[in-house]
Amino acid sequence: MEDRPSRLSSTTLARALSIAGHPFVLIPLTVAAATRNWIWTSVIAAGTILPMLVITLRNVRRGVWSDADVSRHEERGGLYRVAFPLVALSGLLLWLLGAGPRMMRGIEAAAAMLALGLLGNRFLKISLHLMAAAYCAVTIAWLYPHTLYALL
């Protein structure tokens, strides 16, 4: 029997891309690249990303959500209702710590994006991965215009 190299299945590749492009990964990396400030990055990670990760894993374990990506349309409302207050909490922490106007506008934009996602969720199955990726790409392209083609 001939040994053949194992091939990467499309499902495995899709899952790897989903993890690499997950909002839990992209958002802290974007904040770090945009601000070059570990305090702001830590506030976002501790105030939004880590609690969302814990809540997501807990809800998946309890069977409230089908998977860690909250892929089912009917489950998304719960995710938005958890994410929105956490973003607001992170915004409050950043404001109390003296974050500048650019950082505060970024938090406001994230909150607006989540609010629109929640409103649109009644009619559409909006990809949170794509929404976060677009937000991060626009942020990085705006701050570092030379990255535009690579981001596209």
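Preceding this section is the structure that the text describes.
So, here's what we can say about the structure. (Residues numbered from 1 in each chain as written. Predicted model: local features only at pLDDT ≥ 70, side-chain atom pairs only at ≥ 80, totals over all residues. Heavy atoms only, no water.)

### Here's the deal with the pattern of salt bridges
Then, number 1: On inspection of all chains with the given rule, the structure shows 1 salt bridge.
Then, number 2: Residues Arg-72 and Glu-75 are paired through a salt bridge, measuring 4.0 Å at the closest nitrogen-oxygen approach.
Then, number 3: Judged by its relative accessible area of 45%, Arg-72 falls in the partly exposed class.
Then, number 4: When its relative accessible area of 10% is taken as the criterion, Glu-75 is described as buried. (Salt bridge = Lys/Arg side-chain N within 4 Å of Asp/Glu carboxyl O. Buried < 20%, exposed > 50% of the residue type's maximum accessible area, 1.4 Å probe, protein only.)

### Structural notes on helix H2 (residues 23-35)
Then, number 1: In this model H2 runs 17 Å from its N-terminal to its C-terminal C-alpha over 13 residues, within 8% of the 18 Å that 1.5 Å per residue would give.
Then, number 2: Restricting attention to buried positions, one finds in H2 the residues Pro-23, Pro-28, Thr-30, Val-31 and Ala-32.
Then, number 3: Next to the buried residues of H2 lie helix H3 (38-62), helix H5 (101-120) and helix H6 (128-143).
Then, number 4: Positive phi shows up at Arg-36, right after H2, with a value of about 55°. (Helix = DSSP H or I, 4+ residues; strand = E, 2+ residues; numbered from the N terminus. Expected span 1.5 Å × (residues − 1). Contact = heavy atoms within 4.5 Å.)

### What about the packing of H5 against H6?
Helix packing for two helices is described by the angle between their axes and how far apart those axes are.
Then, number 1: Orientation of H5 relative to H6, taken along the N-to-C sense of each, is 155°, at an axis distance of 11 Å. Classified by the angle their axes make, H5 and H6 are roughly antiparallel. Taken as a pair, H5 and H6 cross one another with a handedness that is right-handed. Contacts between H5 and H6 pair Arg-102, Gly-106, Ile-107, Ala-109, Ala-110, Met-113 and Gly-117 from the former with Met-131, Tyr-135, Trp-142 and Leu-143 from the latter.
Then, number 2: Here the residues of the contact of H5 with H6 are counted per class, giving 8 nonpolar, 2 polar and 1 charged. (Axes fitted to C-alpha atoms, helices over the stretch in contact; angles between N-to-C directions. Parallel < 35°, antiparallel > 145°, perpendicular 65-115°, else oblique. Left-handed = near helix turned anticlockwise from the far one by under 90°. Nonpolar A, V, L, I, M, F, W, Y, C, P; charged D, E, K, R; others polar.)

### Brief notes about the side chain of Glu-75
Then, number 1: With respect to the helices, strands and loops of the structure, Glu-75 is situated in the loop between H3 and helix H4 (76-96).
Then, number 2: Among the polar contacts listed, one links the side chain of Glu-75 to the backbone nitrogen of Ser-66, at a separation of 3.0 Å.
Then, number 3: In this structure Glu-75 touches Val-64, Trp-65, Ser-66 and Val-70, once residues within four positions along its chain are discounted. (Polar contact = N/O pair within 3.5 Å; in protein donor to acceptor, adjacent residues only side chain to side chain.)

### Some thoughts on the layout of surface pockets
Then, number 1: By volume, the largest pocket amounts to about 890 Å³.
Then, number 2: Along the wall of the largest pocket there are 39 residues; nearest its centre are Ile-27, Gly-106, Ala-110, Met-113 and Tyr-135.
Then, number 3: For the lining of the largest pocket, the secondary structure elements donating two or more residues are H2, H3, H4, H5 and H6.
Then, number 4: The element best represented in the lining of the largest pocket is H6, accounting for 10 residues.
Then, number 5: In terms of residue class, the lining of the largest pocket is made up of 28 nonpolar, 8 polar and 3 charged. (1 Å grid on protein atoms, 1.4 Å probe; cavity = no way out; pocket = protein on both sides within 12 Å on 5 of 7 lines; lining within 4 Å. Points joined across faces, edges and corners; volume = space filled by probe spheres on them.)

### Remarks on unusual backbone geometry
Most peptide bonds take the trans form, and the phi angle of most residues other than glycine is negative.
Then, number 1: One non-glycine residue, Arg-36, adopts positive backbone phi at about 55°.
Then, number 2: Checked against the element boundaries, Arg-36 lands in the loop between H2 and H3.
Then, number 3: Relative accessible area serves as the criterion here: at 67%, Arg-36 is assigned to the exposed category.
Then, number 4: Backbone geometry places Val-70, a non-glycine residue, at a positive phi of 45°.
Then, number 5: Relative to the elements of secondary structure, Val-70 occurs in the loop between H3 and H4.

### Brief notes about the nonpolar core
Then, number 1: Formed by 24 residues in total, the largest nonpolar core has its most connected members in Trp-40, Ile-44, Leu-79, Val-87, Leu-94, Ala-99 and Met-103.
Then, number 2: The set of elements that each furnish at least two residues to this core consists of H3, H4, H5 and H6.
Then, number 3: Looking at this core element by element, the count peaks at 7 residues for H5.
Then, number 4: Trp-40 has contacts with Val-31, Thr-35, Leu-94, Leu-97, Gly-98, Ala-99 and Met-103, leaving out every residue within four places of it along the chain. (Core = buried A, V, L, I, M, F, W, Y, C linked by side-chain atoms within 4.5 Å.)

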